[in-house]
Amino acid sequence: MGYNIANCEMIRTREELAEKLGLDGSEDQHTIMNNMVDARACYKPSGKSWFRGVRSSKFRHVYGVPAKREKCYDNIKITKNAHDSQFCAVNPKFLAVVTEVAGGGAFLVLPLDRTGRLDFNASRVTGHTGPVLDIKWNPFNDNIIASCSDDCTIKLWHIPDGGLSRNLTEWLVELQGHKRRVAYIEWHPVAENVLFSAGFDHLVIVWDINRCEAVSVIDRHPDVIYSISLNRDGSLLATTCKDKKLRVFEPRSGIVVSEGVCHAGTKASKVVFLGSSGRLLTTGFSRHSDRQYAIWSQHDLTVPLTCETIDSSSGVVFPFYDNDTNMVFLAGKGDGNIRYYEAANEAPWMHYLSQFISGNPQRGLGMMPKRGIHTSICEVFRFYKLHATRGMCEPISMIVPRKSDQFQEDLYPDTIGTCPALSARDWISGMNSPPVLISLKTGGSISTHKPRVYKPPQLPPTTDLNNKKKFAFLSTETIPDYRPVELHDMSEKSQKTSSNQSTKFQQLQQKFGNVAMQKNIISSPLNDNKVMETVDVPNNEAELRLAFARQTDELRLVRRQLANSQLRVKELEDQVRKLQRQ
């Protein structure tokens, strides 16, 4: 005879227990215990419930380690722009931070080992005429950085290996095509010299850097674009927009692959592809202004796979994804927490691991590529945190606690290297390819693929000739004849036009010299000998305009050099005064 003790009231004595079991009380304890049956094991649960225990994961105990004060970058005038961007970019060679300047736009570039307190007069990149809104390093060349600005342009800069010795004002390539300020830029992860840009003119433009021209213009957004992200092979582009919609495009043709409503809140939402898994992660706000994240399938954006609330703070959440460890980091702007999760291929799709808590709020975060981390201390991720309350950039390492200092194969699978898998022409023609991978054990700490200096493409001579003809045609003046058609004398009109042109041309000849004289005698300042030098004299007004524009550019360059030299002289004078005081 058995009895379900799960539904039994409290039994205080042995006699009460024997009475409940139908025994006379004379049996020993062993007999009583044999008659007790726990009926809870005989009933199966009606439905499957999620496992609420501790999930096994090798990243469950990952912890963040902020760098010591001497390993930080101090005394940086970080920009106070309210734009939702990181304002920080890093690679194994350099750290770039957008700085606050009065008029124009500038960003600071430092070699990675130049830590400590920064000199107030440190050299910067100062070529933009408006505030810089986003910066990104070229994934295949660590000396090339792209920047977009409020002046509606995108510029590429070459940084020498030792860093900047003076302010850099000369860019390599300038891309003009946006009608309003350019908000975000992103390099193609696989193809070389392909750049994506999103502007406040609601356009996403795909650029071919080699030819300085737009490959594709995506005009499918009715409002401001909040973020852009590319999948692992660069064949799909995801965007979030102010109209609360998430869109996935085929970037070469601009075709919308899928579209759906993202987050119901009015604040900015961000998106990132979860590698090549076919899923996306978005962060945004609910209708009640709660911060939340959602997982989506890239083929169906009507309903999210899951949507979870993070907290009730007000700062925009920036998502970061590590394809090698499948870890997702969520960092809020204006708070000091960095939460990290592990992405899974089945529901619930994201598993919370832990968080890094700091009392210093962050303004932006730079992400070190995987080839720049330290494998000897089991570091799996590294952030470069811009402090919101003081001018400091602080490295934060995410470390897996392991006792051995040997290379951990399970933590460091092959990662994206510095060799492009495709050229820009191949990708534009329709080819897709997975990225070229390298081993962190044998090829770790690779800084760049090959030294390269980008040069703006030169126009062919036929194009110059056509332009000259066009300018010459536009510069000719014609005399309108208002007489009736019957009274027109074509010969007289042609004579007037030719005489007018010849008169004007003679005036230009008198002003700039005799055209028939192709060789001028120039006196050398070193001696009294006469040197014969061939001088190209303009033949028409179009050539004169080109010569004037060329001389204007030369004068502007000389003025810049003079200003830089004067600034350098002041710096040297200050150093001399300091040395004299010492």
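The name recorded for the protein chain in an unreviewed UniProt entry is Coronin, from Dinoponera quadriceps. UniProt lists a comment for the protein chain under the heading Sequence similarities (unreviewed entry), and it reads "Belongs to the WD repeat coronin family."

Engineer: I tried to follow the UniProt feature "coiled-coil region" (unreviewed entry) in the protein chain on my own but got confused; where do I start?
Structural biologist: What UniProt calls "coiled-coil region" (unreviewed entry) maps, in this numbering, to residues 555-582. The straight-line gap between the two end C-alpha atoms of residues 555-582 is 41 Å; of that span, 96% is helix and 0% is strand.

Engineer: Is there a simple way to explain the sheet that holds strand S16 (residues 225-230) in this structure?
Structural biologist: Strand-to-strand pairing in sheets goes through backbone hydrogen bonds, with the strands running parallel or antiparallel. Strand order in the open sheet formed by four strands is S16-S17-S18-S19, with antiparallel pairing between adjacent strands. Among the strands making up the open sheet, the edge pair consists of S16 and strand S19 (255-261). Adjacent strand axes in the sheet meet at a mean angle of 20° when their direction is disregarded. Here strand S18 (residues 245-250) pairs with S19 via six bridges, running antiparallel. Its bridge partner lying in S19, Glu250 is registered against Ile255.

Engineer: Would you mind showing me how to read the nonpolar core here?
Structural biologist: In globular proteins that are soluble, nonpolar side chains generally tend to be buried together. Formed by 56 residues in total, the largest nonpolar core has its most connected members in Phe107 and Met398. The contact partners of Met398, leaving out residues within four places of it in the chain, are Val62, Tyr63, Gly64, Phe329, Ile338, Tyr340, Phe356, Cys378, Glu379, Val380, Phe381 and Phe383. Tyr184, Val224, Ile225 and Leu422 belong to the second-largest nonpolar core, a separate cluster that totals 20 residues.

Engineer: What is the right way to read the pattern of salt bridges from this model?
Structural biologist: A side chain of one charge can pair with a side chain of the opposite charge if their charged atoms are brought near each other. Within the structure shown, the criterion is met by 26 salt bridges. The salt bridge partner of Asp311 is Arg339, with a shortest N-O separation of 3.0 Å. One end of the pair, Asp311, is in strand S23 (residues 306-311); the other, Arg339, is in strand S26 (residues 338-343), and 28 residues separate them in sequence. Arg339 carries the same exposure label as Asp311, and that label is buried. For Arg382, the salt bridge identified is with Glu379, shortest N-O distance 2.9 Å. Per residue, the accessibility class of Arg382 equals that of Glu379, and both read buried. The network of salt bridges with shared partners includes Asp243, Lys245, Arg247 and Glu259.

Engineer: Looking at this structure, I do not really get the sheet that holds strand S8 (residues 132-137). What am I missing?
Structural biologist: Pairing in this open sheet of four strands is antiparallel, and the strands run S8-S9-S10-S11 from one edge to the other. The sheet is open, and its two edges are formed by S8 and strand S11 (173-176), each paired on a single side. Strand-to-strand twist across the sheet, computed as the mean angle between neighbouring axes with direction ignored, equals 20°. With five bridges joining them, strand S9 (residues 144-149) and strand S10 (residues 153-158) adopt antiparallel strand pairing. Residue pairing for S10: Ile145 is matched across the bridge by Trp157.

Engineer: Please explain the pairing of S9 as it appears in this structure.
Structural biologist: In summary, the side chains of a regular strand alternate between the two faces of the sheet. Within S9, six of the six residues are buried, which leaves the element mostly enclosed by the surrounding structure. For S8 and S9, the ladder comprises five bridges, and the chain directions are antiparallel. Its bridge partner being in S9, Lys136 is matched across the sheet by Ala146. Linking S8 back to S9 in an antiparallel pair, the connection comprises six residues. With antiparallel pairing between neighbouring strands as the criterion, S9 and S10 make up a hairpin whose turn holds three residues, including Cys152 at a positive phi of roughly 70°.

Engineer: I would appreciate a short explanation of the packing of aromatic side chains in the present structure.
Structural biologist: Here the distance between the centres and the angle between the planes together describe a pair of aromatic rings. This structure, assessed with the given rule, holds 13 aromatic pairs. Between the aromatic rings of Tyr73 and Tyr384, the centroid separation amounts to 6.5 Å while the plane-to-plane angle is 45°, which identifies the pairing as tilted. Residue Tyr73 is found in strand S2 (residues 73-74), and its partner Tyr384 is found in strand S29 (residues 379-387); the two are separated by 311 residues along the sequence. When the ring of Phe329 is compared with that of Tyr340, the centres are 5.7 Å apart and the planes differ by 45°; the resulting orientation is tilted. With Phe329 in strand S25 (residues 327-332) and Tyr340 in strand S26, the pair connects residues that are eleven residues apart, well separated along the chain. One exposure class covers both Phe329 and Tyr340, and it is buried. The positively charged end of Arg181 is found above the aromatic ring belonging to Phe200, 4.0 Å away from the centroid.

Conventions we followed
Residue numbers run consecutively from 1 along every chain, following the written order of its sequence. The predicted origin of the model limits local features to residues at a pLDDT of at least 70 and limits the giving and counting of side-chain atom pairs to 80 or more, whereas totals for whole chains, interfaces and linings rest on all residues. To obtain the side-chain values, all non-hydrogen atoms of the structure were included, while hydrogens and water were left out. UniProt positions are given in the numbering used here, feature names are shortened, and annotations may be inferred rather than shown by experiment. Helix and strand assignments come from DSSP, with helices taken as H or I runs of at least 4 residues and strands as E runs of at least 2, each series counted from the N terminus. Here a strand pair is declared whenever DSSP counts at least two bridges between the two strands. Only the stretch in contact is used when a helix axis is fitted, and all axes are lines through C-alpha atoms; the angle between N-to-C directions ranges over 0 to 180 degrees. The criterion is simple. A nonpolar core is a set of buried Ala, Val, Leu, Ile, Met, Phe, Trp, Tyr and Cys residues joined through side-chain atoms within 4.5 Å. Type-normalised accessible area, obtained with a 1.4 Å probe on protein chains alone, sets the label of each residue: buried when under 20%, exposed when over 50%, and partly exposed for intermediate values. Residue contacts are defined here by distance: any two heavy atoms, one from each residue, within 4.5 Å place the two residues in contact. We define a salt bridge as a contact between a side-chain nitrogen of Lys or Arg and a carboxyl oxygen of Asp or Glu at a distance within 4 Å. Stacked, edge-to-face and tilted are the three classes for Phe, Tyr and Trp ring pairs, Trp counted by its six-membered ring, which pair at centre distances within 6.5 Å; planes under 30 degrees apart are stacked, over 60 edge-to-face, the rest tilted. In this scheme, Lys NZ or Arg CZ marks a charge over a ring once it lies within 6 Å of the ring centre and within 35 degrees of the ring normal.

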